[in-house]
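Chain residues, written in single-letter form:
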Amino acid sequence: MLHIKGLTKSYKGFPVLAGLNMNIEKGDVYGFLGTNGCGKTTTMNIICNIIPKDYGEVAFEREGLKIGYLPEAPALYGYMNGYEYLDFIGACCRYEGNLNARTAEVLEITGMTGSAKRLIKGYSRGMNQRIGIAAALYNNPDLLILDEPTSALDPEGRAEVMEIIRKLAGTGSTIVLCTHILNDVERVANKVGILRNGVMAVESGLREIKEKLGGNNAINIRLREYTPEAITALCGIDLAARSEANDPGGVTLYAKQGVSEKELYNKVVITLAENNILPEGLEFKRLTLEQIYIGVTTGQL
């Protein structure tokens, strides 16, 4: 669908993108992550041909590929109502079908039919986002790019917008979701790219990323007798141990890079048995996307 190679962009001599590579396949829901100012919005603006690149390749699978784009803060015309605004969008993008029918369709998709006759200036932030998504969807885009679609929304508004994205993902839409709300990415994305220092630090399927960084898996152990000797024995299997402050009998062991979940479990069980340590329980603490994100953006992973 979209392949980016060696993309660079600088502003007044300051490099924002420094050789970005990015690959999005048809049907992907791609979580595009990174800290503020790392170049995510710049990348999306280049993809949408809003700003020029300096160097690099931005290649689509075919000519004439249609893109729908929802910026972080969509600028809407408050003096229009929802119907009027979307009809206007349809005219701007030269929609070839029936405007009235398509307007009604995208209003239904985004749950805005009941509010379409109200002036946009009276819309809530969540309603603005939903109308913005409706506009981005209007021309049946091949690639839908959403920049912080749930930013600053209350829990109800965020849930409504995420439900729209989830339904679109279920239809096979190709979506780029740029957000700092990592739980949202885990709910809908099948692929994740994490930008750091102007390059793609990590890009893979969400499951594959967790498996690839499996050496940072952790296992929580509750011990009947918590002793320094027990910790020394456990550290002897190349693990970093940390006692749990809120659980006097709890110890969390963090596997080093390259140790899989299965290897971690086997080593812990064998070491416990060899040292006559009887645990009250074993529980895996898998890395969350948030932990991976923090590790990658800080250079720890």
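## What to know about the overall build of the protein
Here comes step 1: Counting its regular elements, the protein contains 10 helices and 13 strands.
Here comes step 2: Relative to its 301 residues, the protein shows a buried fraction of 46%.
Here comes step 3: Within the protein, counting contacts between residues at least 6 apart in sequence, those at least 24 apart form 69% of the total.
Here comes step 4: A total accessible area of about 15300 Å² is found for the protein, and carbon and sulfur atoms account for 49% of it.

## Considering the nonpolar core
Here comes step 1: In this structure, Tyr85 and Leu86 are the most contacted members of the largest nonpolar core, which totals 46 residues.
Here comes step 2: The dominant element in this core, judged by the number of residues it contributes, is helix α4 (residues 125-137), at 7 residues.
Here comes step 3: Among residues more than four places away in sequence, those in contact with tyrosine 85 are Ala75, Leu76, Tyr77, Met80, Ile120, Ile131 and Ala135.
Here comes step 4: Within the second largest apolar cluster, 23 residues are counted, among which are Met1, Val16, Cys38 and Ile47.

## Focus: unusual backbone geometry
Among all residues save glycine, negative phi is the norm, and among peptide bonds the norm is trans.
Here comes step 1: Even without a glycine there, the phi angle at asparagine 49 is positive, about 65°.
Here comes step 2: Assignment of secondary structure puts asparagine 49 in the loop between α1 (40-47) and β4 (55-60).
Here comes step 3: Positioned with a positive phi, asparagine 140 is a non-glycine residue whose angle comes to about 50°.
Here comes step 4: According to the relative accessible area criterion, asparagine 140 is partly exposed, its value standing at 38%.

## Thoughts on the sheet that holds strand β1 (residues 2-11)
Here comes step 1: Read from one edge to the other, the open sheet built from 3 strands follows the order β2-β1-β4, with strand pairing classed as antiparallel. The open sheet terminates on both sides in strands that have one partner only, identified here as β2 (14-24) and β4. When strand polarity is set aside, the average angle formed by the axes of neighbouring strands in this sheet is 20°.
Here comes step 2: Sheet strands in contact with α1 are β1, β2 and β4, and its direction is about 115° off that of β1.

## Observations concerning the packing of helix α3 (residues 99-109) against α4
Here comes step 1: Following both chains from N to C, one finds α3 and α4 inclined at 135°, their axes separated by 9 Å at the closest point. Considering their axes alone, α3 and α4 lie oblique with respect to each other. α4 is crossed by α3, and the crossing has right-handed handedness. Side by side, α3 and α4 meet where Arg102, Val106, Leu107 and Ile109 of the first sit next to Ile131, Ala134 and Leu137 of the second.
Here comes step 2: Partitioning the contact of α3 with α4 into residue classes produces 6 nonpolar, no polar and 1 charged.

## Concerning the sheet that holds strand β8 (residues 191-196)
One key point about sheets: their strands pair by backbone hydrogen bonds, in either a parallel or an antiparallel sense.
Here comes step 1: Taking strand neighbours across the sheet as the criterion, the 6 strands line up as β5-β6-β7-β3-β8-β9 in an open arrangement whose pairing is mixed. Each of the sheet's edge strands pairs with one partner strand only, and the pair in question is β5 (67-70) and β9 (199-205). Averaged over neighbouring strand pairs, the angle between their axes works out to 15° when direction is ignored.
Here comes step 2: In this sheet, β9 lies alongside β8 in antiparallel orientation, the contact comprising 6 bridges. Bridge assignment links isoleucine 194 to a residue of β9, and that residue is valine 202.
Here comes step 3: On the sheet, α4 packs against β5 and β6 (143-147) and is oriented at approximately 165° with respect to β5.
Here comes step 4: Here helix α10 (residues 289-297) sits on the sheet in contact with β3 (29-33), β8 and β9, set at roughly 30° to β8.

## Considerations on the packing of aromatic side chains
Here comes step 1: For the structure shown, the criterion picks out 5 aromatic pairs.
Here comes step 2: Where tyrosine 77 meets phenylalanine 88, the ring centres are 5.6 Å apart and the plane angle is 80°; that geometry is what we call edge-to-face. With tyrosine 77 in the loop between β5 and α2 (82-92) and phenylalanine 88 in helix α2, this residue pair connects regions lying 11 residues apart in the sequence.
Here comes step 3: The exposure class of tyrosine 77 is partly exposed, given its relative accessible area of 37%.
Here comes step 4: Ring plane angle 85° and centroid distance 5.5 Å describe the contact between tyrosine 95 and tyrosine 138, whose orientation is recorded as edge-to-face. Of this pair, tyrosine 95 sits in the loop between α2 and α3 while tyrosine 138 sits in the loop between α4 and β6, placing them 43 residues apart in sequence.
Here comes step 5: An aromatic cluster of three or more residues is present, and its members are Tyr77, Tyr79, Tyr85 and Phe88.

Reading the values: the criteria
Position labels on residues start from 1 in each chain and follow its written sequence. Confidence filtering applies because this is a predicted model: local features only for residues at pLDDT of at least 70, side-chain atom pairs given and counted only at 80 or more, and all residues used for totals across whole chains, interfaces and linings. Where side-chain values are given, they derive from all heavy atoms of the structure, hydrogens and water being excluded. Where helices and strands are cited, they refer to DSSP runs of H or I of at least four residues and of E of at least two residues respectively, numbered from the N terminus. Each residue gets one of three labels from its accessible area relative to the maximum for its type: buried under 20%, exposed over 50%, partly exposed in between, using a 1.4 Å probe on protein chains only. In this analysis, two residues are considered to be in contact whenever any of their non-hydrogen atoms come within 4.5 Å of each other. All accessible-area figures derive from a Shrake-Rupley calculation using a 1.4 Å probe, and residue coverage is judged against the displayed protein chains alone. Definition of nonpolar core: a set of buried residues of the types Ala, Val, Leu, Ile, Met, Phe, Trp, Tyr and Cys, connected through side-chain atoms within 4.5 Å. Strand pairing is assigned whenever DSSP detects at least two bridges linking the two strands. Structural elements are reduced to axes, namely lines fitted to C-alpha atoms, with helices fitted over the stretch in contact, and the angle between N-to-C directions of any two is expressed from 0 to 180 degrees. If an angle is under 35 degrees, it is roughly parallel; if it is over 145, roughly antiparallel; if it lies from 65 to 115, roughly perpendicular; otherwise it is oblique. Each crossing is labelled by how the near helix is turned from the far one, with a counterclockwise turn of less than a right angle marking it left-handed and a clockwise turn marking it right-handed. Note on residue categories: nonpolar means Ala, Val, Leu, Ile, Met, Phe, Trp, Tyr, Cys or Pro, charged means Asp, Glu, Lys or Arg, and polar means any other residue, Gly included. Planes of paired rings set the category: under 30 degrees apart is stacked, over 60 is edge-to-face and the rest tilted, where pairs are Phe, Tyr or Trp rings (Trp by its six-membered ring) whose centres lie within 6.5 Å.

All quantities given are derived from atomic positions and should not be read as evidence of function.
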